[in-house]
Structure formats: structure tokens, C-alpha cells
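Chain residues, written in single-letter form:
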Amino acid sequence: MTLGDLRPGEKAKVVSIGTTGAMRQRILDMGVTPNVQVQLIKIAPLGDPVEITVRGYQLSLRKSEASLIVVEK
Amino acid sequence: MPYTIALAGNPNSGKTTVFNTLTGSRQHVGNWPGVTVDKKEGVYRKDRQMNIVDLPGTYSLSPYSAEEVIAHDFIVKQRPDCVIDIIDGTSLERNLYLALQIMETGVPTVLGINMMDEVALRNDHIDFKRLEAEFGVEVVPLEARSGKGIDALMEAVKRTIEGNRLPKRLAVYDLATKVDEDTLADKRYSCITEVVQASVRHGSKTGPAHISITDRIDRVLTHKIWALPAFAFIMYFMFAATFSENFLFVKGLPSPGIALASLVETLWGSLTDVVSTLLSSAGAADWAYSLIISGIMEGLGAVLGFLPLILVLYVLMSFLEDSGYMARVAFVMDRLFRKFGLSGRSFIPLLMGFGCSVPAIMATRTLDNEKDRRITTLLCGFMPCGAKLTIFIMFVSTFFSSGNKTLVLFFIYMLSLSVSVVVSLLINKIAYKGETSNFLMELPQYRLPTLRSVGIHGYEKVKGFIQKAGTVILAATILIWALSNFNFSSFNGNNQRQYGTPLAPIESSFLASVGKAVAPIFIPAGFGEWRPTVGIATGWIAKEMVVVTLAQLYAEDINETYLAQYFADASPDELSEYGFEDGIYDSEAASDIYTEAVLMTGGDAHGLPTLKEDIPTRQAALAYMAFNLLCMPCFAAVGAMRRELKSWRRTFGQVGIQMLTAYIVAVAIHMLGNLLF
């Protein structure tokens, strides 16, 4: 499953990042690296983007970006 | 020998506050070559030998975004004597990632751990000695908002430079070229996690005080249902505080922006009167009088009149930015605006464009992506600002007196929005080839901004506008003044003999000749006559000038008999309401009053019959309105574009797109209108 499949409140562990280049680097730089714990906090009022907690701070990312991040519960 | 010190840090780490505290008012804002990113420099208040360069806020030094490339190149290629990295103590792990990359380059580094007051609130304990030992650099606690720790920070910088202290080489630094990006990021973060675990003791409190405040605010501001009404309310307040004449729904109560603007206008008006009296009594030649009053004073007045609006809007915007709400605006609006190829943050500049394009364009600075910034700047010129409204109102009442006036105005507003969407999508497709900006963005904690930082932002913005836009506005205003007041006979003495002055009447001026030469271009749009064409050109001084110029050019329609007849039935009370002194009709003032109080407010459905001959149909009138809506905005806005785009080439490029769009849309309206009606 991917980060985009989580429901608000659910926690998961990142397995891998399914993209390359600038987007991959950006995701990694923001601290979303393999093995890190993430929690989906909420979905924006219009249904996109989503807010997650990672490494003790709040990060927002689009669903299209979240669906690139493979996670396991 | 002077030292160069680079200031680095994540966005929202308090870096800007540190920079402002270090340099006070001794700042210089320039730009990094090739991009629209501000380059701020200044000297340290307490030691003029220390020159501080504020690097753009970034999360890493990976060379992908323009900001990251700038920060990376400055540190690696310019090799500053020392880098200060400002770190948000409440989010150590992510902030240390940038620190690790900076220290990896081997430049002398000092870490400033900011937000120590919030760290204390959470009952967290950071072991600074341990951090220093781990990284081999000085680590200083800071509370930038109150200025605590700033002196200690600079002493640490001095010790670091003088002792030539270099960061310790960690094993992870050697991996950079040996492993793939995943492993590298992972190793860097693992290294940080180890250090943080060894040097930070988390408070016993569950649910730290500050997080819960942010959570509680976000329960409303990013709530499924309440987010949008809350957003609408905040936006309305911002717009009203800048532009409203009936602030907070109190009739006649001007908003801070309008109150200040009318104060400036009144003061400038009185000064103009004084100068005018002085010039007359000194016996100045009338071309000199006209140059000073209608050229220079008018141009300077145009610059000054915008300052209050820019100041008020920018103070409010930096309040939203510093408080952390701006990130939520993007979070809430992103989905809608991404469809149009823009970012959620574009909403604010575009909304402000309905009031005035100048502060709107200045507001594009808060967009964090180069592409979005450029496109939003372009679109601001398409917005129906308050000054353009005078043109629409005059035309609607003159040409559509029997039709549905509201519907025509509504059409103009819809036209502005749909043209913006189409142009934005086209530019995304053509110039940026569907390149999507990523949206990974921190949602920072809510913090109450300090008065000082909000004040500095407002002041910087006003100063930047005067410096970068002021000369453009003044020069362009004088140019149009010269074109509309001179012709060849001004220089061979013919005017002097005929009128007793070198000045030419506008209908035989250079501007009129140019208008006559250019006018045929507008035949497909239905208004290919020279007078409407000249109206468009003077509209670039300020859009309400279109109405003033048309009144001047069609003066035969507003002759004394017509005016006397028009005002004949008005009672003394009504006359004073129009602006006649003591309610007594005055034939000398009548023409100006008619222009301002009648034409601009749409009071005379039968006015300007000759204009109706030049613009013979309703579809042509609509095309003329559309052209004025979409073509180059006033010179003040072009000056603001130049200031934000930081290049003449890009500014002219955008003006070109605006002119082309205006022409295509005007012709399309006229032709489709002819087909349909």
C-alpha cells in the first residue's frame, strides 16, 4: 500500500520511494526515508493535499506525491 | 579585513528575524543572477567588518530548486568565512539535515538553535555541549524574536573565524559519492537521529503545550467544513482593510489603506496647489508649468498614492506569512488552483488585483515557486482593478443604458477570470511543458508575529517600490505628457504664433498622430478611430485617465450649452453633491465635474454622442472595454512587474503577452458579437 491509501489517524512505516530525480530527492530531503514512521493527520477540505507527521513535524503533500511512497502498517 | 558570513536555515526557522536583528536597517536588497529570488545583504550592527548575506530558506542543499542552487553555490563556490545555520529547536531532526550538508562542505559553521522559548515550553532539554562535541562546531541557543542569544551567536562566529575552527569530519560525509541517494539520505538521517537521541531529553509532558495550540487552531482553519468560510472571512478582511471605503460595513468609514491613501492624496494636492501658485507668480512659461504640474507632480503623485496600499496590504500579508497561516492557504486552495496551473498561494495576489494591481503584483513575492510567481504577476494585469472600473461604468451606462448593465459588468469580471485561466494553462503547456511543481511543504506551527518583523517587511516593500518602480512610473508619465502636449509646430514656432504657447492641443499632438497611425489596427475590433486609441494610451498613466481623456477628446460633446442644459434641473443641494462650490453652477468647473461625478459614475446615458459614432456598436464597446481590461496595466503596475520579475526582458515579454491577449480577445468579441447579433 502507499501513503495515499492511509486514513486520517493511521500510522505506517515507509518501505520505499517509487519515483526518481528531483521529486525523489525532495521527498528524501524532507525526512521521508525508508523505515521512518509516518502518521496521516488529515485531508484538506477539497480532498487534496494531505497532512502527515514525520520526524516530529507536520508535512503537507499532494495525493499524487503520497501515492509514490510505499508504506506498510 | 571584512568577513563574509552566510546565513542559512530552513524556511520558518526564524532566519529572517535573526537577519533583521543582526543588520537592523542596514540592509541592501538585490537579486541573485537569473532568478526572481531576493538577495539580502547587510553589515552587522555591532561590527561593521562583518558582512552578512542572507541565503534563501531551504530544506537541503540538493541542487534542484533555484533557492537550493543559490544556497549550495554560495557556500561551495564563494566559500564564506563562516556559515550561520539557524535551526528550529522544536524540529531538530529535519533542521539538522541541512546543517549536516553545510558542515559536510567543510566551511566554518556555527549552529544557532532558535525557538528556545518553545523548546522550554515543551520541557525538552537540549545538551549543547554534546551537540558541539558531536559536530565539532559551536552551538548557540537563541530566542530570535526577543533578540536573546544574538550577541553570543556573533561572538561564537568571531571565535570560529579567528580560530579557523572547521567542522569535525563525520564518517557519513565520505558516503556522498559512494552510495545512492536513498542510502545517503537514510544514513544522514540515521546519523542525526543518533546525535539527537544522545543530546536531547524530551519533556515528560505528553502533548506539548505549543503543538496543542497549533492543533486547536488547525481544527478550525483546516477543518473539512470551516476551512473555506474561515478563509473567505480572512480574505475579505484583508481586502477590505486595504481597499474598502465602507470598512467593516460602516458606511463612510474608510479602511486604513484608503484613509492613508486619501491623506497622501490631499497632502499632495495641497503641495501641487502651492507649487502651481509659485510657478504662476514667478511667471513660468506655460510649457514649464505644464511639465511640472501635469508631468512631474502627476507622476510623483502616482507613485506616492500607491504607497499606503502597498504598506497596509504587505503588513497584513507578512502577518499571515509569519503567523504560519499562509502555508494553510496553500493547503486549503491547492487543489482548485493546481487545475489552473497555479499554486494555492496565487489566490491572494489575484484577489488583491480586484482592488489594485500594484500591491497585488508586489504580493507575488510570497509565492515560493519561480514559475507560479511569474505567471501570477502576468495574470495580475488582467484583473479588473478599481481604476478600470471607471471605464466599465462609463461605457456600460453610455452604451448599454437600455440593456442589463449588471450583466455586462458581470461579463467583464467573468472575462477577466476565464482569460486568466486560459492564459495560465497555455503558458504552463508552452513555456513550462506541463512541469508540475512539487508540493512538499512544511505546515509550520502558528506563532504570533512580532510587530518589528511585520514592520520591517512593510517598510522594505515600500522602499523597494519607490526605488525600482518609481523611476519607471515617473519617466513613462512624463513621456506620455510630452507626446500629448507637443507636435512639430511646438519647435518651429508655429504654435507660438498661433496659440501664444509652444504647447499643442491634444487633438493635434504627437500622441494624436500616433493614434491616427495605429488606429486602423483596431478596425477588426470595431473601434479603429484615433480618439479611442489615444484613450487607451493615456490609460497607461492610470486607467481612470481613459475616461478623462475621452472627455477631453470629445469636448465638442461636452460644450457649455450641453453642460448648462445637463445641470439645469439640478437643485442647489444636488449641485453641491456633484462638487459645485456652495451649490452654485459654475461653467468653468462644469466640464471637470461632469467628467468625474457624471461620466465616471455612469450618470449620463446620452453623453458623448460623437464617441458613439467612433464606437458604433455595442459589440465594439464591449471589445473596447475588454481591450482596456486586458492590455498593459498602468505604468505603476509595470514598474511593480519590473521590480518583481527583476529583468526588463521578462517585463517586456509579459507586457507583450498582455497586449496580444487583449487584441485577440477584443477582435474575437467584436466578430462573434457581429455574428450573433
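In what follows, the structure referred to is the one given above.
Please read these numbers as outputs of a predicted model, since none were measured by experiment.

1. Some remarks on the overall build of chain B
A tally of helices and strands in chain B yields 29 helices and ten strands. Each principal axis of the C-alpha distribution contributes one length, and for chain B these read about 90 × 60 × 50 Å. By residue count, 55% of the 677 residues in chain B fall in the buried class. Contacts spanning at least 24 positions in sequence make up 71% of the contacts within chain B whose residues lie at least 6 apart. In the form shown here, chain B has an accessible surface area of approximately 29,000 Å², with 62% of it arising from carbon and sulfur atoms.

2. Some details on the pattern of salt bridges
Evaluated as defined, the whole model comprises 31 salt bridges over all chains. Note that K13(A) and E72(A) form a salt bridge whose closest N and O atoms lie 3.8 Å from each other. Residue K13(A) is located in strand β1 (residues 11-17), and its partner E72(A) is located in strand β5 (residues 69-72); the two are separated by 59 residues in the primary sequence. R62(A) serves as the salt-bridge partner of D334(B), at 2.8 Å between the closest nitrogen and oxygen. Here D334(B), found in helix α12 (residues 325-339), pairs with R62(A), found in the loop between β4 (57-61) and α2 (63-66), and the two come from separate chains.

3. Observations concerning unusual backbone geometry
Both trends apply: most residues other than glycine have a negative phi, and most peptide bonds are in trans. Going from D48(A) to P49(A), the amide bond is cis rather than trans, its omega being -5°. Examined against the element boundaries, P49(A) turns out to sit in the loop between β2 (37-43) and β3 (50-54). The phi dihedral of N123(B) is positive, around 65°, even though this residue is not glycine. Mapped onto the fold, N123(B) is located in the loop between α4 (116-121) and β7 (125-126). Phi is positive for F249(B), which is not a glycine, with a value near 65°.

4. Focus on the interface of chain B and chain A
In this complex, chain B contributes 36 residues to the contact, which on the side of chain A involves 32 residues. It is D182(B), F331(B) and L440(B) that lose the most area in chain B upon contact with chain A, and together they represent 21% of the buried surface on that side. In this assembly, chain B and chain A are joined by four salt bridges. Across the pair R26(A) and E68(B) runs a salt bridge whose closest N-O atoms are separated by 3.7 Å. Linking chain B with chain A are 15 residue pairs in polar contact (both at pLDDT 80 or more), by the criterion used here. Of all the elements in the fold, those that place two or more residues in the side of chain B that touches chain A are α3 (92-104), α7 (181-199), α8 (209-221), α9 (227-243), α12 and β10 (441-442) of chain B. Here the residues of the side of chain B that touches chain A are counted per class, giving 14 nonpolar, nine polar and 13 charged. Judged from the two bridges that link them, β4(A) and β10(B) form a sheet pairing that is antiparallel. Residue pairing in the sheet places L59(A) in a bridge with E442(B) of β10(B).

What counts as what
Residues numbered from 1 in each chain as written. Chains lettered and ligands numbered in written order. Predicted model: local features only at pLDDT ≥ 70, side-chain atom pairs only at ≥ 80, totals over all residues. Heavy atoms only, no water. Helix = DSSP H or I, 4+ residues; strand = E, 2+ residues; numbered from the N terminus. Buried < 20%, exposed > 50% of the residue type's maximum accessible area, 1.4 Å probe, protein only. Contact = heavy atoms within 4.5 Å. Areas by Shrake-Rupley, 256 points an atom, 1.4 Å probe, with all protein chains shown as cover. Salt bridge = Lys/Arg side-chain N within 4 Å of Asp/Glu carboxyl O. Buried area = accessible area lost by both parts, 1.4 Å probe. Polar contact = N/O pair within 3.5 Å; in protein donor to acceptor, adjacent residues only side chain to side chain. Nonpolar A, V, L, I, M, F, W, Y, C, P; charged D, E, K, R; others polar. Pairing = 2+ DSSP bridges.

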